[in-house]
Amino acid sequence: MSASQTSSSDVPTLLVKIFGKDSPGITAGLFDTLAAYSVDVVDIEQVVTRGRMVLCALVTEPPKGLEGDLRATVHSWAESMKMQAEIISGLGDNRPRGLGRSLVTVLGHPLTAEATAAIAARITKTGGNIDRIFRLAKYPVTAVEFAVSGVETEPLRTALAPDAAKLGIDVAVVAAGLYRRAQRLVVMDVDSTLIQDEVIELFAAHAGCEDKVAEVTAAAMRGELDFEQSLHARVALLEGLDASVVDKVRSEVRLTPGARTLIRTLKRLGYQVGVVSGGFTQVTDDLKERLGLDFAHANTLEIVDGKLTGKVTGEIVDRAGKARLLRRFAAEAGVPLSQTVAIGDGANDLDMLNAAGLGVAFNAKPVVRQAAHTAVNFPFLDTVLYLLGITREEVEAADTLDAV
């Protein structure tokens, strides 16, 4: 039995570290050099940053009497490659990771050294250990992911939230595991989330009552008014509008930057995507068709004899209704509720955000940011992809393949 086949922690090992300017063939060259000494590979890690490489190989100790020769040969090879080498003797593999494993995604524009230091220090203070750090994206925001062990996800999320708010960065904490890449359901609010507009205000502009409607909308989103009452009050102001205004409003709707990228990427990964809205099916049905959404549900404006009546028909989609629809969509999609992601900005999204496995407050009101699992305060909807561990390079590579 070779040394690598035993689980004993007292097996002698060597940590071989190579660092310097990156060039082709370094990894193969190192292991060709080590192969001459009949060592087994226990662990490997390689990082390249701005053309500088750090390559670490944890290997078993060579046969007795050959360690000195191995060290000399590795140093000589590294020098020939214009690299530096460091070899450290030890016992066994890496220390076991602590219980409780989480992934901490940090978004900044820019991501400052001060913010990074504060997040790292807070992780340490909670009893966590940073095992790896990986950059997910460099634009439109800088996104990095910390793999953390030794602390449970919920306490870590709670500890990091105040620092994120104070530092002006976004921090998401999710449990690590296979589910991160499993099939998911993503459900979004529409007004001021998927799109930049409040649909009822677009209708109100055609009715000449935009200011009155906007005032009521703002109060409702702050949680100061009952949503159903405010909905009826606003819709009543639209009485008498010609139904032809529906097509005009559809043409005026502006998608949030990054919305198409977010949906396109999620669909490529096999995710199902839906929307729930306190707005109107006259718009959400059109968005479902245009964007290839799997689910859509909203209120419906009543139209009689080609005119808006100032009423809505059917069950009202309010705060509680959005959460019910999330559960319904999840059941129809065959996705556990823990595998759902909800995105919204207003107080009427809170039940949905809290019911989902991951609730994301997108450019949200303060009451929503404080209650959601995490917040994104950048005007690009596709930054949500980074919270799911999807890198910018993966998004762009998929776009390139589709273009071929």
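Everything numeric in this text was worked out from a predicted model, so none of it was measured. (Residues numbered from 1 in each chain as written. Predicted model: local features only at pLDDT ≥ 70, side-chain atom pairs only at ≥ 80, totals over all residues. Heavy atoms only, no water.)

**Here we look at the UniProt feature "active site" (unreviewed entry) in the protein chain**
Phase 1: In this numbering, the UniProt entry assigns the feature "active site" (unreviewed entry) to D189 and D191.
Phase 2: Here D189 shows up in the loop between β9 (185–188) and α5 (199–207).
Phase 3: When near neighbours in sequence (up to four residues on either side) are disregarded, D189 contacts L194, V276, S277, K322, I343, G344, D345, D349 and M352.
Phase 4: Within polar-contact distance, the side chain of D189 engages the side chain of T193 at 3.2 Å.
Phase 5: Along the chain, D191 falls in the loop between β9 and α5.
Phase 6: For D191, a relative accessible area of 9% translates into the label buried.
Phase 7: Not counting residues within four places of it along the chain, the set of residues in contact with D191 comprises D197, E198, V199, I200, S277 and D345. (UniProt positions renumbered as here; feature names shortened; annotations may be inferred. Helix = DSSP H or I, 4+ residues; strand = E, 2+ residues; numbered from the N terminus. Contact = heavy atoms within 4.5 Å. Polar contact = N/O pair within 3.5 Å; in protein donor to acceptor, adjacent residues only side chain to side chain. Buried < 20%, exposed > 50% of the residue type's maximum accessible area, 1.4 Å probe, protein only.)

**Things to note about the UniProt feature "domain: ACT" (unreviewed entry) in the protein chain**
Phase 1: Within this numbering scheme, the UniProt entry marks residues 15–95 as carrying the feature "domain: ACT" (unreviewed entry).
Phase 2: A helix fraction of 30% and a strand fraction of 42% characterise residues 15–95, whose end C-alpha atoms lie 13 Å from each other.

**Topic: the sheet that holds strand β11 (residues 295–304)**
Phase 1: Spatial ordering of the open sheet is given by β12-β11-β10-β9-β13-β14-β15, a layout of 7 strands whose pairing is mixed. Because the sheet does not close on itself, it has two edges, and the strands there are β12 (307–313) and β15 (374–376). Averaged over all pairs of adjacent strands, the angle between strand axes in this sheet comes to 25°, irrespective of strand direction.
Phase 2: Here β9 runs beside strand β10 (residues 272–280); their pairing, made up of 4 bridges, is parallel. By the bridge assignment, V186 is partnered in β10 with V273. (Pairing = 2+ DSSP bridges. Axes fitted to C-alpha atoms, helices over the stretch in contact; angles between N-to-C directions.)

**Observations regarding the sheet that holds strand β4 (residues 83–91)**
Phase 1: Spatially, the 4 strands line up as an open sheet ordered β2-β3-β1-β4, and their pairing is antiparallel. Unpaired on one side and paired on the other, β2 (41–49) and β4 mark the two borders of the sheet. Shown here is a sheet whose adjacent strand axes are inclined to one another by a mean of 10°, direction ignored.
Phase 2: Of the pairings in the sheet, the one linking strand β1 (residues 12–21) to strand β3 (residues 52–60) comprises 9 bridges and is antiparallel in character. The partner of L15 across the bridge, within β3, is L58.
Phase 3: Here helix α1 (residues 26–35) sits on the sheet and contacts β1, β2, β3 and β4; the angle it forms with β3, its principal contact strand, is near 25°.

**A few points about the packing of aromatic side chains**
Phase 1: Counted under the stated rule, the structure contains 2 aromatic pairs.
Phase 2: Taking 4.8 Å as the distance between ring centres and 15° as the angle between the ring planes, the aromatic pair formed by F295 and F329 counts as stacked. Of this pair, F295 sits in strand β11 while F329 is found in helix α11 (residues 319–333), placing the two residues 34 residues apart along the sequence. Pair check on accessibility: F295 and F329 agree, each one buried. (Phe/Tyr/Trp six-rings, centres within 6.5 Å; stacked < 30°, edge-to-face > 60°.)

**Quick word on helix α10 (residues 281–291)**
Phase 1: Every buried residue of α10 is listed here: T281, Q282, V283, T284, D286, L287 and L291.
Phase 2: Buried residues in α10 make contact with α5, α8 (245–252), α9 (259–268), β10 and β11.
Phase 3: Following α10 by one or two positions, G292 has its phi on the positive side, about 70°.

**Description of the side chain of D191**
Phase 1: No salt bridge is formed by the buried D191. Its closest oppositely charged neighbour is R234, at 6.9 Å.
Phase 2: Here the side chain of D191 touches V199 through a polar contact of 3.1 Å, landing on its backbone nitrogen. (Lys, Arg positive; Asp, Glu negative; His and termini not counted. Salt bridge = Lys/Arg side-chain N within 4 Å of Asp/Glu carboxyl O.)

**What about the domain arrangement of the protein chain?**
Phase 1: Here the protein chain is described as being made up of domain 1 (12–91), domain 2 (102–176) and domain 3 (185–403).
Phase 2: Relative to domain 3, the C-alpha centre of domain 1 lies at a distance of 53 Å. (Domains from an automatic or database assignment.)

**Section: the nonpolar core**
Phase 1: Counting 63 residues, the largest nonpolar core has L194, F203 and I343 as the members making the most contacts within it.
Phase 2: Both domain 2 (102–176) and domain 3 (185–403) contribute no fewer than three residues apiece to this core.
Phase 3: Discounting chain neighbours no more than four positions away, the residues touching I343 are V186, V187, M188, D189, T193, L262, M352, L353, V360, F362, L381 and V384.
Phase 4: Within the second largest apolar cluster, 22 residues are counted, among which are V317, A333, L353 and A375. (Core = buried A, V, L, I, M, F, W, Y, C linked by side-chain atoms within 4.5 Å.)

**Comments concerning the packing of α1 against helix α2 (residues 67–80)**
Phase 1: It is at 10 Å that the axes of α1 and α2 come closest, and there the two elements cross at 155°. In terms of their interaxial angle, α1 and α2 are classed as roughly antiparallel. Classified by chirality, the crossing of α2 by α1 is right-handed. Only L70, T73, V74 and W77 of α2 make contact with α1, whose side of the interface consists of I26, G29, L30, T33 and L34.
Phase 2: Tallied by class, residues from the contact of α1 with α2 come to 6 nonpolar, 3 polar and no charged. (Parallel < 35°, antiparallel > 145°, perpendicular 65-115°, else oblique. Left-handed = near helix turned anticlockwise from the far one by under 90°. Nonpolar A, V, L, I, M, F, W, Y, C, P; charged D, E, K, R; others polar.)

**A look at unusual backbone geometry**
Phase 1: Going from H109 to P110, the amide bond is cis rather than trans, its omega being 0°.
Phase 2: For R50, which is not glycine, the phi torsion reads 45° and is therefore positive.
Phase 3: Examined against the element boundaries, R50 turns out to sit in the loop between β2 and β3.
Phase 4: On the basis of relative accessibility, which here comes to 85%, the residue R50 falls in the exposed class.
Phase 5: A positive phi angle is found at D305, which is not glycine, with a value near 55°.
Phase 6: Tracing the sequence through the fold places D305 in the loop between β11 and β12.
Phase 7: Judged by its relative accessible area of 75%, D305 is exposed.

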